[in-house]
Amino acid sequence: MNLFLENAAAGGGGLSSMLVMMVVLFGVMYFFMIRPENKRKKEAENMRNALKVGDRITTIGGITGTVCHIKEDKIVIETGDDRVRVEFAKWALSTNDTQAAKAKAEAEKVAAAKKRAREEKRANRG
């Protein structure tokens, strides 16, 4: 009987450490899986809400076109030279190529400015 009580007391410490490990595991899962996914969803929603007529977009199905009309939860895009208009749900939007091109141009401008600053710094040393 005494042996049984000693084993039960020793097992109680194992239960608390297991509980701590489960809490730590949940915290790690939250910061590495759940939080980044919520951040991506928020960025996608902001991108969809920032659409303007004339933006070049790509849908999740790979169709590219220019936005010609925006409704509450739908967008109408014009594809190609034949001016075919297709209506999509806003959630079917994958990327805003106009915003991506602006971001790329801005990044190139910043990189060029950094390169010029480095070259000027080297020229002032020598």
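Quick caveat: nothing in here was measured; it's all calculated off a predicted structure. (Residues numbered from 1 in each chain as written. Predicted model: local features only at pLDDT ≥ 70, side-chain atom pairs only at ≥ 80, totals over all residues. Heavy atoms only, no water.)

K.L.:
Before we move on, could you go through the overall build of the chain and cite the residues and values that matter?
P.N.:
Scanning the chain from N- to C-terminus turns up two helices and five strands. In sequence order, the secondary structure elements of the chain are arranged as α-β-β-β-β-β-α. Buried residues in the chain amount to 17% of all 126 residues. A separation of at least 24 residues holds for 36% of the contacts in the chain among residues at least 6 apart in sequence. For the chain, the accessible area works out to roughly 10100 Å², and carbon and sulfur atoms hold 60% of it. (Helix = DSSP H or I, 4+ residues; strand = E, 2+ residues; numbered from the N terminus. Buried < 20%, exposed > 50% of the residue type's maximum accessible area, 1.4 Å probe, protein only. Contact = heavy atoms within 4.5 Å. Areas by Shrake-Rupley, 256 points an atom, 1.4 Å probe, with all protein chains shown as cover.)

K.L.:
Go over the pairing of strand β4 (residues 84-89) with me, naming the residues and quoting the values.
P.N.:
Relative to β4, strand β3 (residues 74-79) is paired through six bridges, and the arrangement is antiparallel. The residue of β4 that forms the bridge with I77 is V86. With antiparallel pairing between neighbouring strands as the criterion, β3 and β4 make up a hairpin whose turn holds four residues, including G80 at a positive phi of roughly 65 degrees. (Pairing = 2+ DSSP bridges.)

K.L.:
With reference to specific residues and values, describe unusual backbone geometry.
P.N.:
For R83, which is not a glycine, the phi torsion comes out positive at approximately 60 degrees. Residue class for R83 comes out exposed when judged on its relative accessible area of 54%.

K.L.:
Hey, could you go over the side chain of T79 for me, with residue numbers and the actual values?
P.N.:
Position of T79 relative to the elements: it lies in strand β3. When near neighbours in sequence (up to four residues on either side) are disregarded, T79 contacts I63, T64, G65 and V84.

K.L.:
Give a description of the environment of Y30 that names residues and reports values.
P.N.:
Along the chain, Y30 falls in helix α1 (residues 2-49). For Y30, a relative accessible area of 35% corresponds to the partly exposed category. Setting aside anything within four residues of it in sequence, one finds Y30 in contact with R35 and P36.

K.L.:
Tell me about the nonpolar core, and please be specific about residues and values.
P.N.:
Core analysis: the biggest nonpolar cluster contains nine residues, these being M47, L51, I57, V67, I75, I77, F88, A92 and L93. Contact partners of F88, with chain neighbours within four places excluded, come to T59, I63, D73, K74, I75 and I77. (Core = buried A, V, L, I, M, F, W, Y, C linked by side-chain atoms within 4.5 Å.)

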